[in-house]
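Read off the chains here:
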Amino acid sequence: MIELHKAANVALTCLPRQLTQREEYLMKMPLMLVAGATLVMGMTDVKADEVAAGEERYKVNCVNCHGKTGKGMAAFPALAGRDQAYVADRLKKYRAKEKVGPNSAIMMSLTKDLTDEDIENLAAYISATFQ
Ligand code: HEC
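Quick caveat, the model's predicted, so the values are computed rather than measured. (Residues numbered from 1 in each chain as written. Predicted model: local features only at pLDDT ≥ 70, side-chain atom pairs only at ≥ 80, totals over all residues.)

Novice: Explain the nonpolar core to me, please; I cannot follow it from the model alone.
Specialist: Considering soluble globular proteins, one finds that nonpolar side chains tend to be buried as a cluster. Ranked by size, the top nonpolar core spans 14 residues in total, and within it V87, L91, L122, A123 and I126 carry the most contacts. The dominant element in this core, judged by the number of residues it contributes, is helix α5 (residues 116-129), at six residues. Those residues in contact with I126 that sit more than four places away from it in its chain are G54, Y58, G70, L79, R82 and V87. (Core = buried A, V, L, I, M, F, W, Y, C linked by C-beta atoms within 7 Å. Buried ≥ 20, exposed ≤ 12 C-beta atoms within 10 Å, placed from the backbone. Helix = DSSP H or I, 4+ residues; strand = E, 2+ residues; numbered from the N terminus. Contact = placed C-beta atoms within 7 Å.)

Spelled out as structure tokens, the structure:
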């Protein structure tokens, strides 16, 4: 009985302190949420710009071989299902005149004038659009 009493006492004395910590946390929550949301919105904007720029370029320079839905055809490989890092890496390899497959020469000439930004935009568009 004395033990129980002691336990209850400990619980009671702990309670106010725990509440204050929790309240402090709760008070910071809205601030953290706003900060998080702003960050995500900022990132989404950048991403949307990249995708839009990439789409423009893709429609001019890539669609003839890789297709409107990125499915490719015959010797032109599908881009669908490739992630952003993969596509960017491939494009940089071709630009650096590195041989990847049997028909790399085609891609080498197509990528020679691409800037890093063009490549990021194309990779963002391709990975976000073709599943
Ligand atoms: C004239 C047709 C043609 C055009 C236009 C073209 N490609 Fe390609 N693409 C190819 C061929 C062929 C390959 C395979 C090359 C090889 O064997 O290494 C390829 C490969 C690729 C790969 C690597 C795929 C893999 O699975 O590794 C990517 C990424 C790619 N192209 C993106 C693009 C982008 C982006 C554009 C527009 C800037 C573009 N291609 C324009 C024909 C084309």
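Let's pick the thread back up.
Novice: Explain the site of the ligand here, please?
Specialist: Around the ligand, 21 residues are found, and the nearest of them are C62, C65, G101, N103 and S104. For the shell around the ligand, the secondary-structure elements that each account for two or more residues are α2 (63-66), α3 (84-95) and α4 (104-111). Counting residues per element, the shell around the ligand draws most heavily on α4, at four residues. A per-class count over the shell around the ligand returns 14 nonpolar, six polar and one charged. (Near = placed C-beta within 6 Å. Nonpolar A, V, L, I, M, F, W, Y, C, P; charged D, E, K, R; others polar.)

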